[in-house]
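# Remarks on the overall topology
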Amino acid sequence: MSGVRVLVGTRKGAFILTSDAKRERWDISGPHFAGWEIYHLKGSPADPNRLYASQTSGWFGQIIQRSDDGGKTWHQPGTPPGEPTTTPEGMPKGESNKFVYDTSAETGKPLTTHQWYDGTPHPWEFKRVWHLEPSLTDPDTVYAGVEDAALFRSTDGGQSWQELSGLRGHGSGPHWQPGAGGMCLHTILLDPKNSNRIFIAISSAGAFRTDDAGKTWQPINRGLHSLYIPNPTAEVGHCVHRIAMNRSRPGVLFMQKHWDVMRSDDAGESWHEISGDLPTDFGFAIDVHAHEPDTIYVVPIKSDSEHFPPDGKLRVYRSRTGGNEWEPLTKGLPQNDCYVNVLRDAMAIDSLDKCGIYFGTTGGQVYASADAGDSWAPIVRDLPAVVSVEVQTLP
Amino acid sequence: MIRVTLPPHLRKLAQVDGEVKLDVEGRVTQRSVLDALETRYPMLRGTIRDHVTQRRRAFVRFFACGEDLSHEPPDSPLPDAVTTGSQPFMIVGAIAGG
């Protein structure tokens, strides 16, 4: 019988929530990596037992964890469970937490500077992995979006990482600037119909696309309008919070920007606003129905700076028309005195029929809907603050 | 035998309880102790010192014999009490906030 596995990253560890296809009763495992910030976990579409996790700490830096058994056991790639961590010669088998910007003469780009918050030049410094995106076809290939913004790829199951430096080396790099959360590459979308095409998004640089598997990149921000930057229609500098697509229609993209919900029908070449009748067009998360490519979900958040739901009501908004007309989904969600946030990587959608929607809050709740958003119930209520939510639909 | 104490996060990562005991060849310095530690526990590479620059991470501190050694040059000899194993070399996570 099919089922789902929900992967939850929190400020103090990871949790794995599993259920059968009814999605009514849940088994909870965790905390895994207790005490560490887990920015993101994600499973391989090619092998659902292969999971990757970004474990990080302001004190001790970055760790990459991998599971080959669906999250029952974990190890740092290069060090299989129960085996020595070094070769007979004493060398480490993998340096899975070594993320070094590529400055080589052959493939690298000079490590110049980006802009600091005050506009002064600031050197590029690796801080953490925000997002891990496993390949659609190869369990050993995985992409990592990092802070300070860059894209890395591993082709050996996370044992070693190489930067796709054409992105950071794009001519606009010295003008990129951090958002409030840091200068992070937080979104990676792999085109299921074109293996050479990848979309990424950076706060606060904007969205970029490659059509040659990561060698070269172009900014795809035409149509974005951001009043908080000196030139509201600049080529780069937009605070894109999240991009989403439906796998059956990868040329159509939906974006939650710092302000404005946007849509592109030409793979990012141009964008138009679809905020319509939302109570506020600020937010972080956005996702698309698994089977209805014009049904999209956002969680409107009050801003600037408040970052909680308007009127203390936690409402997911759904558009069945590809934007502009939105309906609030409230059944089972708190409709008074709710002041949590839903972060950019904290919403996910399974591919069962009816498809399930999941999101986590900074208050530690993970809510699930087994009917495409019509009704909701908490899976758990009292986790640490939720940073990320992913879901796997299991055979 | 050199005794090293690790903060809880790193003990968990290295899967050790209590102190770590290391054999260090040659002069006993911050660098030689950390080299020996990372050789035995490669999962700690990058968590105490930066992978590339080998500089101490900003929120990690080194103490021994009641002294803060965090800002000592990495090749300076550690106190005799550390060298003889009567006192541990302490790796501590800095307290930054409450």
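A brief structural summary. (Residues numbered from 1 in each chain as written. Chains lettered and ligands numbered in written order. Predicted model: local features only at pLDDT ≥ 70, side-chain atom pairs only at ≥ 80, totals over all residues.)

### Some remarks on the overall build of chain B
- When helices and strands are counted, chain B shows three helices and five strands.
- Against the globule reference of 13 Å for 98 residues, chain B gives a C-alpha radius of gyration of 12 Å, in line with a compact fold. (Helix = DSSP H or I, 4+ residues; strand = E, 2+ residues; numbered from the N terminus. Rg over C-alpha atoms; globule rule 2.2 N^0.38 Å.)

### Regarding the overall build of chain A
- Scanning chain A from N- to C-terminus turns up one helix and 29 strands.
- Here chain A has a C-alpha radius of gyration of 20 Å; the compact-globule value for 395 residues is 21 Å, and the two agree.
- Overall size of chain A, expressed as C-alpha extent along the three principal axes, is 60 × 50 × 40 Å.
- The 395 residues of chain A split such that 52% are buried.
- Excluding contacts between residues fewer than 6 apart, the proportion of contacts in chain A whose partners are at least 24 apart in sequence is 50%. (Buried ≥ 20, exposed ≤ 12 C-beta atoms within 10 Å, placed from the backbone. Contact = placed C-beta atoms within 7 Å.)

### Here we look at the sheet that holds strand β5 (residues 89-93) of chain B
Residue and element names in this part refer to chain B.
- Reading across the sheet, the five strands line up as β2-β1-β5-β3-β4 and stay open at both edges, with mixed pairing between neighbours. Both edges of this open sheet fall to β2 (20-22) and β4 (67-68), since each of them pairs with a single strand only.
- Bridge analysis of strand β3 (residues 60-64) against β5 gives four bridges, and the strand direction is antiparallel. Following the sheet pairing, Arg61 is matched in β5 by Val92. (Pairing = 2+ DSSP bridges.)

### Concerning the sheet that holds strand β20 (residues 272-273) of chain A
Residue and element names in this part refer to chain A.
- Strand order in the open sheet formed by four strands is β17-β18-β19-β20, and the pairing between neighbours is antiparallel. Only two strands of the sheet have a single partner each, and these edge strands are β17 (240-245) and β20.
- By the bridge criterion, two bridges tie strand β19 (residues 261-264) to β20 in an arrangement that is antiparallel. In the sheet register, Met262 faces β20, and the bridge partner there is Glu273.

### Thoughts on the interface of chain B and chain A
- Contact residues are listed per partner, giving 15 residues for chain B and 19 residues for chain A.
- When residues of the side of chain B that touches chain A are assigned to their parent elements, the largest contribution, three residues, is made by helix α1 (residues 8-14) of chain B.
- Class assignment for the residues of the side of chain B that touches chain A results in seven nonpolar, six polar and two charged. (Nonpolar A, V, L, I, M, F, W, Y, C, P; charged D, E, K, R; others polar.)

### A closer look at the environment of B:Phe62
Residues and elements named next belong to chain B.
- As for its position among the elements, Phe62 is in strand β3.
- Note: C-alpha distance between Phe62 and Phe89 (27 residues apart in sequence) is 7.2 Å.
- Residues within four places of Phe62 in sequence aside, it is in contact with Gln30, Leu69, Ser70, Phe89, Met90 and Ile91.

### Side note on helix α2 (residues 30-40) of chain B
Residues and elements named next belong to chain B.
- Buried residues of α2: Gln30, Val33, Leu34 and Leu37, and no others. For α2, the buried positions fall inside an angular range of 95° around the axis, keeping them on one side.
- Buried-residue contacts for α2 involve β1 (2-5), β2, β3 and β5. (Arc of directions from axis to C-beta.)

### Describing unusual backbone geometry
Residues and elements named next belong to chain A.
- Note the cis peptide between Gly30 and Pro31, where omega equals 0°.
- Between Ser203 and Ser204 the backbone carries a cis peptide bond, its omega angle lying at 0°.
- Backbone geometry places Ala267, a non-glycine residue, at a positive phi of 55°.
- Along the chain, Ala267 falls in the loop between β19 and β20.

### Digging into the environment of A:Ser154
All names here are of chain A.
- Mapped onto the elements of the fold, Ser154 is located in strand β11 (residues 150-154).
- C-beta crowding within 10 Å serves as the criterion here: with 24 such atoms nearby, Ser154 is assigned to the buried category.
- The sequence separation of Ser154 and His272 amounts to 118 residues, and the corresponding C-alpha distance is 35 Å.

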